[in-house]
Structures are given as C-alpha cells and as structure tokens.
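Coordinate analysis (summary)
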Amino acid sequence: DDQIERERASQHLAGGCCALAAIYLMGKFYVANAGDSRAIIIRNGEIIPMSREFTPETERQRLQFLALLRPELLGKEFTHLEFPRRIQPKELGKKMLYRDQNMNGWAYKKIEEDDLKFPLIFGEGKKARMMATIGVTRGLGDHDLKVFSSNIHIKPFLSCFPEVRVYDLTQYEHCPDDVLVLGTDGLWDVTNDKEVAGVVMEVLTSYEPNDPCRYTMVAQELVVRSRGVLKERGWRLANDKLGSGDDISVFVIPLGGPGNYT
C-alpha cells in the first residue's frame, strides 16, 4: 500500500484494488484476504471457508468506531450512526431505531439535527456503500478517492491489512479432487459456495485424475457459468437471472496429486 502511494506521485498512477493471496509454505497454505474476493477449500465434498468478505456491512463497527474517534473525517456531511432508512426533516423530534459501533442489535433514539446527515454506511448487501462511494472496506491503493463533489477522503476508512487463515495440508490425505478455489466477487455475486462445489465435482469427474488441464477447465467453467449467455435482455444465467457484470477471475489449485488417489 505504501509502494502504491509512492508510485502515485512518481508515475502518476491512481486507483486501487482488492487482494486475495494464497501462499504454500512448509506444508501449509496461508490465505490472506483484503477486500471482497473469496477463497474456499473443497475437500471430499466438504466446503471449508478460507476467507471472509470485508464490506461496509461486515465492518460496520470498525468504521463507526473510527468515525466516532475522528469525526473530522466525516466532513460534517455524514453521521456515524446507522438507521433502518434515510431520515426526513419532518421526523425531527420523533423516535427511530438506530445502532452505533457498540451495538449488534437496535435501540430507539430521538431524532436530532445531526441525524439528518447522510449515514456513513447506507444500503444492504451488494448495494451497501461507505460514504455513498465504495462497497469494499479493505484493499490496496485508492489514496486519491474522495466522496463525489466533496473534499472528503475515503482512504482513512480503507484498511490494507488482510485477514490471514492457515490450512495445514499435512493433517489430511488429499485426493486429486480436493482443491482450493480463489475467486473475485464477480464469481460469488451470482454463485454460492455450494454451487461452486457442484461445478468443481461435475467437471473433475469428467477428466482422468492425472490430467493436469482438469483444474483449468474447472476455472473456465466457473467463469463461463457466472457470466452467462448473451440474450436480448443482456447476459443471463441458466436460471434466466442476470449474469455477473463484474470482473470474474478464478484460480483452482489442486491439494492432492494422482499418487493420493483412491
């Protein structure tokens, strides 16, 4: 992240990205995630999560706590409190549900003038945005990113520190059908863990265990199915729902070799 900041000045580069990395070292996989990509291990048909997404919803309490400690970062335009919906001026003095950085549940409070500001976190699911700007809360870069038509920087709320999970390969006897799947949010927006595991098993069983291209074909199939087919109403999945409109990058990494196959 520091290097990106230095290159921003020397090479006039702007922008940022999420990061998902898997490192194999001395019998263990270290999976580090900063952003909204996802990694899962599929072992003997079982799904083992190796990451979690960092979004305004999942990191609500961290973001609200930072805003509480440093209210100047909100530029007098946002409130760190969360409400079920946008508050209207006519609701001043009335009671409404809210929650802050200390709360998992909701409580009532009397609406005041400051509560009319736009919430730090607004929307649900994939539509959730921080400061009405960005849908992820960890990643690299984005040092110049600001709230639209303002001088409020987003970067103080973006963390470049990943969450790291460790998987010990020496604890299990893996067969060639056991894999680690790494995918960007374009895959997971339209395909859940169980569906991904189904595609993995479907494709792998159509190839010989010692055929190295079988894993590439799984990745290719996951991309194709998530993008869908171009029809009159746009890209559509097999169930006629909209295909992914985001970047879809997929890696499928085998955990066991042909010698382990039974």
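Residue numbers run consecutively from 1 along every chain, following the written order of its sequence. At least 70 in pLDDT is required for a residue's local features to be given in this predicted model, at least 80 for side-chain atom pairs to be given and counted, and no such filter applies to totals for whole chains, interfaces and linings, which use all residues. By convention in this description, side-chain values take in all heavy atoms of the structure and omit both hydrogens and water.

1. A word on the UniProt feature "domain: PPM-type phosphatase" (unreviewed entry) in the protein
UniProt positions are given in the numbering used here, feature names are shortened, and annotations may be inferred rather than shown by experiment. Under the feature "domain: PPM-type phosphatase" (unreviewed entry), the UniProt entry names residues 1-255. The span residues 1-255 is 20% helix and 26% strand, and its two end C-alpha atoms sit 31 Å from each other. Every helix listed is a DSSP run of H or I at least four residues long, and every strand listed is a run of E at least two residues long, numbered separately from the N terminus.

2. Section: the environment of Ala107
Among the secondary structure elements, Ala107 is positioned in strand β8 (residues 107-110). Residues Ala107 and Gly93, 14 residues apart in the sequence, show an inter-C-alpha distance of 16 Å. It only takes one pair of heavy atoms within 4.5 Å for two residues to be counted as in contact. Apart from residues no more than four positions distant in its own chain, Ala107 is found in contact with Met96, Leu97 and Tyr98.

3. Quick word on the packing of aromatic side chains
Classification of ring pairs uses Phe, Tyr and Trp, with its six-membered ring standing for Trp, and accepts pairs whose centres are within 6.5 Å; under 30 degrees between planes counts as stacked, over 60 as edge-to-face, and the remaining range as tilted. Throughout the structure, instances matching the rule amount to 4 aromatic pairs. Considering the side-chain rings of Tyr24 and Phe29, the 5.7 Å spacing of their centres and the 65° angle between planes classify their relative orientation as edge-to-face. Between Phe78 and Phe118, the aromatic rings sit 6.1 Å apart at their centres with planes inclined by 90°, giving edge-to-face as the arrangement. Pair noted here: Phe78 is in strand β6 (residues 78-79) and Phe118 is in strand β9 (residues 118-119), with a separation of 40 residues, a long-range link. Connected via pairs of aromatic rings, a cluster forms that spans Phe78, Phe118 and Phe122. Any Lys NZ or Arg CZ that is within 6 Å of a ring centre and within 35 degrees of that ring's normal is treated as a charge sitting over the ring. Cation over ring: Arg43 sits above Tyr172, and NZ or CZ is 3.7 Å from the ring centre. Over the ring of Phe54 we find Arg138, and its NZ or CZ is 4.0 Å from the ring centre.

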